[in-house]
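For reference, the chains in residue letters:
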Amino acid sequence: MPPPAPQSPPSPPLLPGGGYTWVPPGRGVLQAAVNAAADNAVLTVAGNYTDSFESVLTITKSITIRALTPGAAVLDGENARRVVYIYNSAGTVVLDGLH
């Protein structure tokens, strides 16, 4: 019997205005999503996120990064790097429900 197909994460509720971008877990994935996002974008995350640069996440624009449910997303510096670096010119940054 073949193994069961992987489940996709549940869809987060739509925000006022109707949109969000789902970011799957992995190494470098969250930073790539932030880099590609428009100013004031909302990214929804769940799982473990890390990177191999100076920080797991460097933010240079207004953005919201929200866990699917509180505590569902872990930004892991692997005891080797800063987790989040926010530039002074970033604008409004909201990090909600992350560990």
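Residues numbered from 1 in each chain as written. Predicted model: local features only at pLDDT ≥ 70, side-chain atom pairs only at ≥ 80, totals over all residues. Heavy atoms only, no water.

**Points about unusual backbone geometry**
Phi angles above zero are rare outside glycine, and Asn40 is one such case at about 70°. Owing to a relative accessible area of 57%, Asn40 belongs among the exposed residues under this scheme. (Buried < 20%, exposed > 50% of the residue type's maximum accessible area, 1.4 Å probe, protein only.)

**As for the pattern of salt bridges**
By the definition in use, this model includes three salt bridges. Ionic pairing is found between Arg66 and Asp96, a salt bridge with its closest N-O pair at 3.1 Å. Pair noted here: Arg66 is in strand S6 (residues 63-67) and Asp96 is in strand S9 (residues 93-96), with a separation of 30 residues, a long-range link. Under the relative-accessibility criterion, Arg66 is labelled partly exposed at 26%. (Salt bridge = Lys/Arg side-chain N within 4 Å of Asp/Glu carboxyl O. Helix = DSSP H or I, 4+ residues; strand = E, 2+ residues; numbered from the N terminus.)

**Regarding the sheet that holds strand S7 (residues 73-75)**
Sheet architecture is open: three strands sit in the order S2-S4-S7, paired in parallel fashion. Because the sheet does not close on itself, it has two edges, and the strands there are strand S2 (26-27) and S7. Two strands pair when backbone bridges link them, and S2 and strand S4 (residues 47-50) are joined in this way by two bridges, in the parallel orientation. Of the residues in S4, the one forming a bridge with Gly26 is Tyr49. (Pairing = 2+ DSSP bridges.)

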